[in-house]
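# Survey of secondary and tertiary structure
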Amino acid sequence: MNRIDRLYALVEELRAAGPRGRTARQLAGHFEVSLRTIERDLSALGQAGVPLATKTGRAGGFTLDRSMSLPPLNFTPREAAAVAVALSRSEHVLFKEDARRALQKIVAAMPERALAEARSTAEKVRLLVHPVPDPDAEIAETIWRAVRDNNVLRIRYIDVGGVETEREVEPQHVVVGPNGSYLTAWCHLRRDDRVFRMDRITRAERVPSLPRPQRAVPELLVDGHETKLPASALHPEDLLPNTDIGLSRKAETVGVTRRAGG
(Lines give C-alpha, C1' and ligand atoms only; values in the text may rest on other atoms or scores of the structure.)
Protein backbone atom coordinates (compact mmCIF):
# COMPACT_ATOMS: atom_id res chain seq x y z
CA MET A 1 0.00 0.00 0.00
CA ASN A 2 1.46 3.38 -0.97
CA ARG A 3 1.41 6.33 1.42
CA ILE A 4 -1.59 8.13 -0.10
CA ASP A 5 -3.72 4.98 0.10
CA ARG A 6 -2.53 4.41 3.66
CA LEU A 7 -3.47 7.95 4.72
CA TYR A 8 -7.01 7.47 3.42
CA ALA A 9 -7.17 4.05 5.07
CA LEU A 10 -5.95 5.53 8.37
CA VAL A 11 -8.85 7.97 8.42
CA GLU A 12 -11.34 5.18 7.74
CA GLU A 13 -9.76 2.94 10.37
CA LEU A 14 -10.15 5.70 12.97
CA ARG A 15 -13.71 6.39 11.78
CA ALA A 16 -14.57 2.70 12.22
CA ALA A 17 -12.97 2.62 15.69
CA GLY A 18 -15.31 5.38 16.88
CA PRO A 19 -14.77 6.81 20.36
CA ARG A 20 -12.59 3.85 21.38
CA GLY A 21 -9.87 5.07 19.02
CA ARG A 22 -6.65 3.27 18.14
CA THR A 23 -3.17 3.55 19.56
CA ALA A 24 -0.26 4.30 17.25
CA ARG A 25 1.09 0.82 17.99
CA GLN A 26 -2.23 -0.79 17.00
CA LEU A 27 -2.27 1.20 13.77
CA ALA A 28 1.33 0.29 12.99
CA GLY A 29 0.53 -3.39 13.45
CA HIS A 30 -2.64 -3.14 11.36
CA PHE A 31 -0.89 -1.49 8.41
CA GLU A 32 2.34 -3.48 8.86
CA VAL A 33 4.59 -0.43 9.07
CA SER A 34 6.86 0.97 11.75
CA LEU A 35 5.62 3.02 14.69
CA ARG A 36 7.64 5.98 13.40
CA THR A 37 5.93 5.75 10.00
CA ILE A 38 2.47 5.81 11.60
CA GLU A 39 3.42 8.78 13.76
CA ARG A 40 4.56 10.67 10.64
CA ASP A 41 1.31 9.76 8.87
CA LEU A 42 -0.81 10.95 11.79
CA SER A 43 1.15 14.19 11.90
CA ALA A 44 0.59 14.69 8.16
CA LEU A 45 -3.15 14.10 8.58
CA GLY A 46 -3.30 16.65 11.39
CA GLN A 47 -1.43 19.23 9.32
CA ALA A 48 -3.87 18.59 6.44
CA GLY A 49 -6.79 19.49 8.69
CA VAL A 50 -8.11 16.03 9.57
CA PRO A 51 -9.83 16.43 12.98
CA LEU A 52 -7.74 14.04 15.09
CA ALA A 53 -8.01 13.98 18.87
CA THR A 54 -5.83 12.17 21.40
CA LYS A 55 -6.82 10.36 24.55
CA THR A 56 -4.47 9.99 27.48
CA GLY A 57 -4.13 7.16 29.98
CA ARG A 58 -3.84 3.38 29.60
CA ALA A 59 -6.62 3.27 27.01
CA GLY A 60 -5.29 6.33 25.22
CA GLY A 61 -4.83 6.70 21.53
CA PHE A 62 -6.11 8.59 18.53
CA THR A 63 -9.74 9.23 17.62
CA LEU A 64 -11.49 11.00 14.77
CA ASP A 65 -13.84 13.83 15.72
CA ARG A 66 -16.97 12.77 13.83
CA SER A 67 -18.73 16.08 14.48
CA MET A 68 -16.17 17.79 12.24
CA SER A 69 -16.38 15.31 9.37
CA LEU A 70 -18.95 14.72 6.66
CA PRO A 71 -21.78 12.40 7.72
CA PRO A 72 -21.48 8.87 6.32
CA LEU A 73 -23.88 7.53 3.71
CA ASN A 74 -26.81 5.59 5.12
CA PHE A 75 -27.37 2.07 3.80
CA THR A 76 -30.58 0.13 4.30
CA PRO A 77 -30.15 -3.40 5.70
CA ARG A 78 -30.99 -4.88 2.28
CA GLU A 79 -28.46 -2.62 0.53
CA ALA A 80 -25.74 -3.56 3.00
CA ALA A 81 -26.52 -7.27 2.64
CA ALA A 82 -26.48 -6.94 -1.17
CA VAL A 83 -23.04 -5.32 -1.09
CA ALA A 84 -21.75 -8.03 1.26
CA VAL A 85 -23.06 -10.75 -1.08
CA ALA A 86 -21.56 -9.06 -4.15
CA LEU A 87 -18.14 -8.56 -2.54
CA SER A 88 -18.09 -12.09 -1.15
CA ARG A 89 -18.73 -13.59 -4.58
CA SER A 90 -15.23 -12.80 -5.83
CA GLU A 91 -12.35 -12.47 -3.39
CA HIS A 92 -9.74 -11.71 -6.03
CA VAL A 93 -6.28 -11.12 -4.62
CA LEU A 94 -6.18 -7.66 -6.23
CA PHE A 95 -9.35 -6.41 -4.56
CA LYS A 96 -9.67 -8.50 -1.39
CA GLU A 97 -8.27 -5.87 0.97
CA ASP A 98 -10.16 -3.03 -0.72
CA ALA A 99 -13.40 -5.02 -0.46
CA ARG A 100 -12.78 -5.58 3.25
CA ARG A 101 -12.26 -1.86 3.83
CA ALA A 102 -15.37 -1.01 1.80
CA LEU A 103 -17.50 -3.28 3.97
CA GLN A 104 -15.84 -1.85 7.08
CA LYS A 105 -16.96 1.64 6.03
CA ILE A 106 -20.52 0.45 5.50
CA VAL A 107 -20.64 -1.35 8.84
CA ALA A 108 -19.20 1.67 10.66
CA ALA A 109 -21.87 3.94 9.18
CA MET A 110 -24.88 1.79 10.14
CA PRO A 111 -26.95 2.00 13.33
CA GLU A 112 -26.77 -1.18 15.42
CA ARG A 113 -30.38 -2.18 14.71
CA ALA A 114 -29.97 -1.82 10.94
CA LEU A 115 -26.65 -3.65 11.06
CA ALA A 116 -28.24 -6.53 12.97
CA GLU A 117 -30.97 -6.78 10.31
CA ALA A 118 -28.37 -6.72 7.51
CA ARG A 119 -26.44 -9.53 9.19
CA SER A 120 -29.62 -11.53 9.65
CA THR A 121 -30.43 -11.09 5.94
CA ALA A 122 -26.94 -12.09 4.82
CA GLU A 123 -27.04 -15.20 7.03
CA LYS A 124 -29.86 -16.54 4.84
CA VAL A 125 -27.67 -16.48 1.71
CA ARG A 126 -25.22 -19.15 0.56
CA LEU A 127 -22.85 -18.70 -2.38
CA LEU A 128 -21.49 -21.60 -4.42
CA VAL A 129 -18.10 -20.63 -5.83
CA HIS A 130 -15.54 -22.63 -7.73
CA PRO A 131 -12.09 -22.41 -6.06
CA VAL A 132 -9.53 -21.08 -8.53
CA PRO A 133 -5.76 -20.58 -8.26
CA ASP A 134 -4.75 -17.12 -7.13
CA PRO A 135 -1.78 -15.38 -8.77
CA ASP A 136 1.12 -14.27 -6.64
CA ALA A 137 -0.02 -11.10 -4.84
CA GLU A 138 3.11 -9.09 -5.65
CA ILE A 139 3.03 -10.09 -9.32
CA ALA A 140 -0.70 -9.31 -9.50
CA GLU A 141 -0.11 -5.83 -8.05
CA THR A 142 2.68 -5.14 -10.57
CA ILE A 143 0.38 -6.22 -13.40
CA TRP A 144 -2.46 -4.07 -12.08
CA ARG A 145 -0.30 -0.95 -11.86
CA ALA A 146 0.91 -1.52 -15.43
CA VAL A 147 -2.68 -1.87 -16.66
CA ARG A 148 -3.73 1.23 -14.74
CA ASP A 149 -0.77 3.37 -15.84
CA ASN A 150 -0.57 2.08 -19.43
CA ASN A 151 2.99 0.74 -18.98
CA VAL A 152 4.80 -1.97 -20.92
CA LEU A 153 5.37 -5.17 -18.94
CA ARG A 154 8.14 -7.72 -19.22
CA ILE A 155 6.76 -11.07 -18.09
CA ARG A 156 7.94 -14.65 -17.76
CA TYR A 157 5.07 -16.94 -18.73
CA ILE A 158 4.49 -20.70 -18.63
CA ASP A 159 1.93 -21.81 -21.21
CA VAL A 160 -0.47 -24.74 -20.99
CA GLY A 161 2.20 -27.02 -22.47
CA GLY A 162 4.72 -26.09 -19.78
CA VAL A 163 6.89 -24.02 -22.14
CA GLU A 164 8.34 -20.92 -20.48
CA THR A 165 8.93 -17.74 -22.48
CA GLU A 166 9.95 -14.19 -21.65
CA ARG A 167 8.21 -11.42 -23.54
CA GLU A 168 7.17 -7.78 -23.45
CA VAL A 169 3.46 -7.02 -23.53
CA GLU A 170 1.21 -3.95 -23.55
CA PRO A 171 -1.43 -4.64 -20.86
CA GLN A 172 -5.07 -3.90 -21.63
CA HIS A 173 -7.43 -5.46 -19.08
CA VAL A 174 -7.49 -7.67 -16.01
CA VAL A 175 -10.18 -10.30 -16.58
CA VAL A 176 -11.72 -12.02 -13.55
CA GLY A 177 -13.51 -15.21 -14.55
CA PRO A 178 -14.95 -18.38 -13.00
CA ASN A 179 -11.78 -20.35 -13.76
CA GLY A 180 -9.19 -17.80 -12.69
CA SER A 181 -7.90 -14.36 -13.54
CA TYR A 182 -6.25 -13.30 -16.78
CA LEU A 183 -4.30 -10.46 -18.36
CA THR A 184 -5.23 -9.38 -21.88
CA ALA A 185 -2.40 -7.65 -23.70
CA TRP A 186 -0.75 -6.91 -27.02
CA CYS A 187 2.23 -9.27 -27.20
CA HIS A 188 5.39 -7.93 -28.84
CA LEU A 189 6.67 -11.50 -29.35
CA ARG A 190 3.58 -12.77 -31.19
CA ARG A 191 2.56 -9.40 -32.66
CA ASP A 192 -1.03 -10.08 -31.69
CA ASP A 193 -3.54 -9.77 -28.84
CA ARG A 194 -3.08 -12.52 -26.27
CA VAL A 195 -4.67 -13.71 -23.02
CA PHE A 196 -2.36 -14.78 -20.19
CA ARG A 197 -3.46 -16.69 -17.11
CA MET A 198 -2.14 -14.63 -14.23
CA ASP A 199 -1.21 -17.59 -12.02
CA ARG A 200 1.11 -18.77 -14.85
CA ILE A 201 3.01 -15.49 -14.87
CA THR A 202 6.06 -16.23 -12.73
CA ARG A 203 7.68 -12.80 -13.02
CA ALA A 204 6.50 -9.34 -14.01
CA GLU A 205 8.27 -6.01 -14.11
CA ARG A 206 7.34 -2.68 -15.62
CA VAL A 207 9.57 -1.53 -18.45
CA PRO A 208 10.59 2.14 -18.47
CA SER A 209 9.20 3.62 -21.65
CA LEU A 210 7.74 6.79 -23.09
CA PRO A 211 3.97 7.26 -22.73
CA ARG A 212 2.23 5.25 -25.43
CA PRO A 213 -0.75 6.44 -27.47
CA GLN A 214 -3.97 4.69 -26.58
CA ARG A 215 -4.89 2.24 -29.30
CA ALA A 216 -8.24 0.61 -29.89
CA VAL A 217 -8.57 -2.42 -27.62
CA PRO A 218 -10.89 -5.24 -28.68
CA GLU A 219 -13.17 -6.47 -25.92
CA LEU A 220 -13.08 -10.07 -24.77
CA LEU A 221 -15.60 -12.68 -25.92
CA VAL A 222 -15.57 -16.16 -24.39
CA ASP A 223 -17.96 -18.84 -25.58
CA GLY A 224 -20.66 -19.55 -23.03
CA HIS A 225 -19.87 -16.46 -20.94
CA GLU A 226 -21.31 -12.98 -20.72
CA THR A 227 -18.83 -10.15 -20.22
CA LYS A 228 -19.87 -7.66 -17.56
CA LEU A 229 -18.39 -4.18 -17.26
CA PRO A 230 -18.03 -3.08 -13.61
CA ALA A 231 -17.29 0.51 -14.70
CA SER A 232 -20.93 0.90 -15.74
CA ALA A 233 -21.94 0.73 -12.07
CA LEU A 234 -19.90 3.89 -11.43
CA HIS A 235 -21.82 5.87 -14.06
CA PRO A 236 -25.44 5.85 -12.91
CA GLU A 237 -26.05 8.99 -14.99
CA ASP A 238 -25.55 6.87 -18.12
CA LEU A 239 -28.13 4.28 -17.13
CA LEU A 240 -31.56 4.38 -18.67
CA PRO A 241 -34.09 6.50 -16.78
CA ASN A 242 -37.75 5.55 -16.29
CA THR A 243 -37.10 3.60 -13.09
CA ASP A 244 -36.92 4.78 -9.53
CA ILE A 245 -33.31 3.70 -9.09
CA GLY A 246 -32.07 3.79 -12.69
CA LEU A 247 -30.75 0.24 -12.83
CA SER A 248 -32.70 -1.02 -15.82
CA ARG A 249 -29.91 -1.51 -18.34
CA LYS A 250 -28.61 -5.03 -18.74
CA ALA A 251 -24.91 -5.84 -18.59
CA GLU A 252 -23.41 -5.72 -22.03
CA THR A 253 -22.01 -8.60 -24.00
CA VAL A 254 -18.99 -7.43 -25.92
CA GLY A 255 -16.37 -8.68 -28.08
CA VAL A 256 -13.74 -9.84 -30.35
CA THR A 257 -12.31 -13.28 -29.71
CA ARG A 258 -8.70 -13.37 -28.48
CA ARG A 259 -6.14 -16.12 -28.58
CA ALA A 260 -4.78 -17.57 -25.38
CA GLY A 261 -1.22 -16.71 -24.41
CA GLY A 262 1.42 -18.78 -26.06
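Preceding block: the structure.
Here is what the cut-offs are and how they apply
Within every chain, residues take consecutive numbers counted from 1 along the sequence as written. Where local features are concerned, this predicted model is filtered to residues with pLDDT of at least 70; where side-chain atom pairs are given and counted, the filter is 80 or more; whole-chain, interface and lining totals use all residues. To get the side-chain values, take all heavy atoms of the structure and skip hydrogens and water. Only DSSP runs of H or I reaching four residues or more are called helices, and only runs of E reaching two or more are called strands; each is numbered from the N terminus. Whether a residue is buried, partly exposed or exposed follows from its accessible area with a 1.4 Å probe, protein chains only, as a fraction of its type maximum: under 20%, in between, or over 50%, in that order. Contacts: residue pairs with any heavy atoms within 4.5 Å of one another. Stacked, edge-to-face and tilted labels apply to pairs of Phe, Tyr and Trp rings (six-membered ring for Trp) whose centres lie within 6.5 Å, assigned for plane angles under 30 degrees, over 60, and everything in between, in that order. Whenever a carboxyl oxygen of Asp or Glu lies within 4 Å of a side-chain nitrogen of Lys or Arg, that contact is scored as a salt bridge.

This part takes up the side chain of S181. Relative to the helices and strands, S181 is located in strand β5 (residues 180-187). We classify S181 as buried; its relative accessible area is 3%. When sequence neighbours within four positions are dropped, the list of residues in contact with S181 reads H92, P135, V175, V176, F196, R197 and M198.

Quick look at the packing of aromatic side chains now. Tallied over the full model, the rule gives 2 aromatic pairs. Ring geometry for Y157 against F196: centres 5.0 Å apart, planes inclined by 80 degrees, an arrangement best described as edge-to-face. Taken together, the residues Y157 in strand β3 (residues 152-158) and F196 in strand β6 (residues 192-197) connect sequence positions 39 residues apart. The burial state of Y157 is the same as that of F196; both residues are buried.

A word on the environment of L35. Position of L35 relative to the elements: it lies in helix α3 (residues 35-47). Separated by 10 residues in sequence, L35 and R25 place their C-alpha atoms 6.0 Å apart. Contacts of L35, omitting those with residues within four sequence positions, involve A24, R25 and A28.

For the rest of this paragraph, the subject is the pattern of salt bridges. Following the criterion strictly, the structure yields 16 salt bridges and no others. For the salt bridge of R101 with E97, the shortest nitrogen-to-oxygen distance reads 4.0 Å. Placement of both R101 and E97 in helix α5 (residues 96-109) is noted, with a separation of 4 residues, approximately one turn of the helix. Look at R101 and you get buried, because its relative accessible area is 17%. The class of E97 is partly exposed, set by a relative accessible area of 39%. Taking the shortest distance from any N to any O, the salt bridge between R148 and D149 comes out at 3.0 Å. Among the charged side chains, a network of salt bridges with common partners joins E97, D98, R100 and R101.

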